[in-house]
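Residues per chain are reported as follows:
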Amino acid sequence: MADRDAQRFRRLAAELRAEGVRVLRTAAEASSAAEVLSVGDVERLSLYGSAAILDSFYTGVEKAFTRIAEHFGGVPQGPAWHRTLLDDMTLTIAKSRPAVISVETARALDAYLGFRHRFRHLYVFDLESAPMLPLLRAIPDAAARFEEDLKAFATHLEALADAVDASQ
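Residues numbered from 1 in each chain as written. Predicted model: local features only at pLDDT ≥ 70, side-chain atom pairs only at ≥ 80, totals over all residues. Heavy atoms only, no water.

1. So, the pattern of salt bridges
Quick reminder of the rule: The salt bridge definition used is simple: a Lys or Arg side-chain nitrogen within 4 Å of an Asp or Glu carboxyl oxygen. Runs of H or I in DSSP of at least four residues are treated as helices and runs of E of at least two as strands, each being numbered from the N terminus. Working definition: with a 1.4 Å probe on protein chains only, accessible area under 20% of the residue-type maximum means buried, over 50% means exposed, and in between means partly exposed.
In this structure the tally under the stated criterion is eleven salt bridges. Put simply, Glu-62 and Arg-116 hold a salt bridge, and the shortest N to O gap is 3.0 Å. Of this pair, Glu-62 sits in helix α2 (residues 44–71) while Arg-116 sits in helix α4 (residues 103–121), placing them 54 residues apart in sequence. Overall, Glu-62 belongs to the buried group, its relative accessible area being 6%. Take Arg-116: its relative accessible area is 4%, and that puts it in the buried class. Taken together, the shared-partner salt bridges connect Arg-11, Glu-15, Arg-67 and Glu-70 into one network.

Here it is in structure tokens:
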């Protein structure tokens, strides 16, 4: 049983590291999208693509958070579960896990959660570039914060796996 726990921790750590890389890749795409939107009057398809990048960025972040929540207590339920999940990742849960991300990282990610919610409930033709441009420009910083916190949490998981192995 303990061997299985160690494997679960190592697998989750590997999944989180891979998700962090994908989030950073999305951040690189966001920089290109910001350049396109900064010229002013852009084609609608460029606007839609830029919105999809913003959506994809936070979806990747939330995938990592969901995987963690599945291992440590369950994914929140209810209409505000996305917000609760983000907030939960800043909490240290005694005898379970440390905080996954800092409060500062959560603040940096909050705007992307809000955008993603609007994006998924709007018609694409209602999108405007003005509110998207600052988000696209800020993604590299938010992604770097997220990836740094996620790597630290993955390292914690690997240490847990080592401790489980040592106890056998």
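After that view, the rundown keeps rolling.
2. Considerations on the side chain of Thr-105
This is how the line gets drawn: Side-chain atoms alone can form a polar contact between residues adjacent in sequence; in general such a contact is a pair of N or O atoms within 3.5 Å, and within protein one must be able to donate a hydrogen while the other accepts it. Whether two residues are in contact is decided by their heavy atoms, any of which lying within 4.5 Å being enough.
In this structure, Thr-105 sits in helix α4. Side-chain polar atoms of Thr-105 contact the side chain of Ser-102, separated by 3.0 Å. Within polar-contact distance, the side chain of Thr-105 engages the side chain of Asp-149 at 2.6 Å. Setting aside residues up to four positions removed in sequence, Thr-105 forms contacts with Arg-145, Phe-146 and Asp-149.

3. Points about the nonpolar core
Applied cut-off: We call a set of buried residues a nonpolar core when its members are Ala, Val, Leu, Ile, Met, Phe, Trp, Tyr or Cys and they connect through side-chain atoms within 4.5 Å of each other.
Core analysis: the biggest nonpolar cluster contains 50 residues, and Phe-57, Phe-65, Ile-101, Leu-109 and Phe-146 have the highest contact counts within it. Of all the elements in the fold, those that place two or more residues in this core are α1 (2–37), α2, α3 (81–88), α4 and α5 (129–166). A per-element tally of this core places α5 first, with 14 residues. The contact partners of Phe-57, leaving out residues within four places of it in the chain, are Val-23, Thr-26, Leu-109, Tyr-112, Ile-139, Ala-142 and Ala-143.

4. Quick notes on α4
Defined as follows: By this rule, a helix spans an expected 1.5 Å times one less than how many residues it contains. A residue's bend is simply the angle between two axes: one fitted to the seven residues ending at it, one to the seven starting at it.
Taking 1.5 Å per residue, 19 residues should reach 27 Å; α4 reaches 27 Å between its end C-alpha atoms and fits that length. The largest bend along α4 reaches roughly 30° and is located at Leu-109. Of the positions making up α4, those classed as buried are Thr-105, Ala-106, Leu-109, Tyr-112, Leu-113, Phe-115, Arg-116 and Phe-119. Lining the buried residues of α4 we find α2, α3 and α5.

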